[in-house]
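Overview (structure and organization)
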Amino acid sequence: MLDLVLNAGPVVKLVLLILLYFSLVSWAIIFYKVSTIQRAIKQSDRFLDFFWKKKRFDLVGQGIKEFNHSPIATLFREGYHEMLQLKKKSSDSIEPSDFSSKMDPTEMVGRALRRATTQETQRLEKYLTFLATTGSTAPFIGLFGTVWGIMNSFHGIGTTGSASLAVVAPGISEALIATAIGLAAAIPAVMGYNHFLNKVNILIGEMDNFSQEFLNIVERMERGN
Amino acid sequence: MESSRKQRWQQLQSVFEPGFKQMLLISVLLHLLVPILYYTPLFPKHEIEKPPVYRVNLVNKIVKNPQAGRPEAAPVKQKPAVKPKPKPEPKPAVKPKPVPIPPKPKPVPVKPKPEPKPIPPKPKPEPKPEPVKPKPEPKSAPKPAPVKKKPQPKPAVSKAQESALEARLKKMRAAQKQKASEQARKDKLAALRAAAIAESSNIESPTTDAPVGMMDGKGDQAGVSAVAFVQEFIQKQWSFSKYQAAGSPEAEVKLFYNAHGTLLHYKFLKKSGNSVFDESLIRAITKSRQLSQPLPESMEFHIIFNLKDMLDKS
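Rules behind the numbers
- Residues numbered from 1 in each chain as written.
- Chains lettered and ligands numbered in written order.
- Predicted model: local features only at pLDDT ≥ 70, side-chain atom pairs only at ≥ 80, totals over all residues.
- Helix = DSSP H or I, 4+ residues; strand = E, 2+ residues; numbered from the N terminus.
- Buried ≥ 20, exposed ≤ 12 C-beta atoms within 10 Å, placed from the backbone.
- Contact = placed C-beta atoms within 7 Å.
- Nonpolar A, V, L, I, M, F, W, Y, C, P; charged D, E, K, R; others polar.
- Expected span 1.5 Å × (residues − 1).
- Core = buried A, V, L, I, M, F, W, Y, C linked by C-beta atoms within 7 Å.
- Pairing = 2+ DSSP bridges.
- Axes fitted to C-alpha atoms, helices over the stretch in contact; angles between N-to-C directions.
- Parallel < 35°, antiparallel > 145°, perpendicular 65-115°, else oblique.
- Left-handed = near helix turned anticlockwise from the far one by under 90°.
- pLDDT = per-residue confidence, 0-100.

**Description of the overall build of chain B**
Across its full length, chain B holds 11 helices and five strands. A total of 314 residues make up chain B; the buried ones form 23% of that total.

See the structure below:
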């Protein structure tokens, strides 16, 4: 097996190195994403429980440090921060200006939440593009190595004039290892990509739901005032 | 708040998020593990190291340290010891002849010594190729050479020393007679050899005139290795239907033979797991309880019987 790699030509070796790089990085991404996305989902669940139990924003704001890795906690932090800013502005302003009186708190908190959602989504999806690239290009890179290797081995057959299986088979098997490694790199990458994309979509849905709930609460508070 | 936002932004921009390098390291280790695992017993190699397969002519002498050669070469039994002696004899006979022959080379009859030299070289070149085949050729080669030379000398010498010539002629005739009988013997030998070669002709070998020995022989004795002999002997007694064959079961057997070639006892060190094959081996071993030849000494053999190898051979 190892001899196949060592005996391969320079182009096939280069292809194998590129595929090895793809495989290394995509596995690192898979491990990294497993840990971060698992943690994000777990902490988000715990945060939602915590949020609905406490019911008061200030109490939730005090306990939020526990949920550093939850994207929903980040949404809450951003929204709550925006609310505090608004409150501060309205209480601080000695001479109320037309500009501040026209400010709609729901709208502003909503914008802050949308921005936070975008940022969190980007953070969750980071590196996933590499998995998608690996999944779609690694087989082709491997195929390139194989085609190149077979090309060379046929050239060898042409020059030696012998087409016995003993002459043809080693070159082809050396060449085929490139496709094999390309597939070995691509299959886990595609599986990982689909899995993580699904999880990220679930988290995005959760974040949207949470944003709506949060805005509802803000609006209720505003009307109550 | 601002700082945490900035931090998150930086994190998003960075190539390595915190913790990613660790995962990269784990990935590298995992990739290193794959080839390491591949070479561990977890993934047994399917290539079976095949032991050298010999087809041993069961007539050849059994020796402990066989020389390099062909195990199935034509058997040349007790002759090797007898023939080396005849060789020295023909030479002295040939040498006296060269001495009288000097006259032939017209120019200088006084040079008896230089001529003996040219003649000896002729007999030598013939013996040389023959040493490989110890027995048959040594005898025949020295004689044919002298005969050829004698007819030539006669015409040249006739004028000079007739009496000496006559004496030489007598000698030559005697030699010719001897040669004729020798020739007859040689023909017989050749016929025997041809028969032996025909017998072993179904075995492909690049060299037909290789000495008797083993391909990987390192010793100095002409003959076949005792292990190969016993294995071949048992193989000859073995019968098995190829329709019962499945996979390539292997059994390891320890056999004790005494110097007379009688089986004292045997033991299966490892059964093949295929009872039909094991039983066929036991039958073959019991049939081989007396070898066709004595062994150099009482010996113990470890023989691995592989069904596939044995079917290939039979």
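**Quick notes on the overall build of chain A**
Across its full length, chain A carries eight helices and zero strands. Moving toward the C terminus, one meets the helices and strands of chain A in the order α-α-α-α-α-α-α-α. Each of the 225 residues in chain A was classed as buried or not, and the buried ones make up 33%. When contacts within chain A are restricted to residue pairs at least 6 apart in sequence, long-range pairs at least 24 apart make up 82% of them.

**Section: the interface of chain A and chain B**
Taken together, the contact between chain A and chain B spans 13 residues of the former and 14 residues of the latter. Within the residue set of the side of chain A that touches chain B, elements represented by two or more residues are α2 (10–54) and α6 (105–125) of chain A. If one sorts the elements of the side of chain A that touches chain B by residue count, α2 of chain A sits on top with six residues. A breakdown of the residues in the side of chain A that touches chain B according to their chemical character gives seven nonpolar, four polar and two charged.

**Some points on the environment of Thr74 of chain A**
Residues and elements named next belong to chain A. You can see Thr74 is positioned in helix α4 (residues 71–92). For the pair formed by Thr74 and Thr117, sequence separation is 43 residues and the distance between their alpha carbons is 8.6 Å. Other than its neighbours up to four places away in sequence, Thr74 contacts Ala116 and Glu120.

**Section: unusual backbone geometry**
Of note, Tyr127 of chain A is a non-glycine position whose phi angle comes to about 80°, a positive value. Examined against the element boundaries, Tyr127 of chain A turns out to sit in the loop between α6 and α7 (128–160).

**Things to note about helix α10 (residues 275–287) of chain B**
Because each turn of an α-helix spans 3.6 residues, side chains separated by three or four positions end up pointing in the same direction. Along its 13 residues, α10 of chain B runs 18 Å from first to last C-alpha, staying within 8% of the 18 Å computed at 1.5 Å per residue. Next to the buried residues of α10 of chain B lie α9 (226–237), β3 (250–257), β4 (263–270), β5 (299–306) and α11 (307–313) of chain B.

**Section: the nonpolar core**
Counting residues in each nonpolar core, the largest one holds 50 residues, and the members touching the most others are Leu19, Ala28 and Phe76 of chain A. Counting residues per element, the ones that place at least two in this core are α2, α4, α6, α7 and α8 (165–224) of chain A together with α2 (20–38) of chain B. For this core, the element with the highest residue contribution is α2 of chain A, accounting for 16 residues. Every residue in contact with Ala28 of chain A, bar those within four places of it in the chain, is listed here: Phe20, Met23, Leu24 and Ser27 of chain B. Of all hydrophobic cores here, the second largest spans 28 residues; its members include Val212, Ala228, Tyr257 and Phe305 of chain B.

**Let's talk about the pairing of β4 of chain B**
Residues and elements named next belong to chain B. Of the strand pairs in this sheet, β3 and β4 are connected by six bridges, and their pairing is antiparallel. Residue Tyr257 lies in a different strand from β4, and its bridge partner there is Leu263. Taking the residues that link successive antiparallel strands as the turn, the β3-β4 hairpin has five residues, and the phi of Gly261 there is positive, at about 85°.

**With respect to α4 of chain A**
Look at α4 of chain A: 31 Å from first C-alpha to last across 22 residues, which is about the 32 Å you get at 1.5 Å a residue. Along α4 of chain A, the residues classified as buried are Pro71, Ile72, Ala73, Thr74, Leu75, Phe76, Arg77, Glu78, Gly79, Tyr80, Glu82 and Met83 of chain A.

**Focus: the pairing of β3 of chain B**
Residues and elements named next belong to chain B. Of the two faces of β3, only one is covered, namely that formed by Ala251, Val253, Leu255 and Tyr257; the face formed by Glu250, Glu252, Lys254 and Phe256 stays uncovered. Where β3 lies against β5, eight bridges are found, and the strand directions are antiparallel. Bridging from a neighbouring strand, Phe256 pairs with Glu300 of β5.

**Here's the deal with the sheet that holds β5 of chain B**
Residue and element names in this part refer to chain B. The strand order across the open sheet formed by three strands is β4-β3-β5, and the pairing between neighbours is antiparallel. Lying at the two open borders of the sheet, with one neighbouring strand each, are β4 and β5. On average, each strand axis in the sheet is inclined to that of its neighbour by 20°, with strand direction left out of account. The sheet strands contacting α9 are β3 and β5, and the helix crosses β5 at an angle near 55°. Its contacts with the sheet place α10 against β3, β4 and β5, and it is angled at close to 20° to β3.

**Examining the packing of α2 of chain A against α4 of chain A**
All names here are of chain A. Their axes nearest at 7 Å, the elements α2 and α4 cross at an angle of 50°. By the angle class used here, α2 and α4 are oblique. Facing α2, whose interface residues are Ala40, Gln43, Ser44, Phe47, Leu48 and Phe51, α4 presents Pro71, Ile72, Ala73 and Phe76. Here the residues of the contact of α2 with α4 sort into eight nonpolar, two polar and no charged.

**Examining the packing of α2 of chain A against α7 of chain A**
Residue and element names in this part refer to chain A. Contact geometry of α2 with α7 gives a least axis separation of 9 Å together with a crossing angle of 160°. Relative to α7, the element α2 is oriented roughly antiparallel. In this structure, the crossing between α2 and α7 has a hand that is left-handed. Along its contact with α2, which presents Val11, Val12, Val15, Leu16, Ile18, Leu19, Phe22, Val25, Ser26 and Ile29, the element α7 presents Phe130, Leu131, Thr134, Ala138, Ile141, Gly142, Phe144, Gly145, Trp148 and Gly149. Considering only residue class, the contact of α2 with α7 consists of 15 nonpolar, five polar and no charged.

**Some thoughts on the confidence of the model for chain B**
All names here are of chain B. In this model, chain B carries an average pLDDT of 71, and 63% of its residues clear a pLDDT of 70 or more. Low pLDDT, under 50, characterises residues 77–151; the stretch is placed with 76 contacts to residues that sit more than four places away or in other chains. In the predicted complex, the global pTM is 0.53; the interface-specific ipTM is 0.78.

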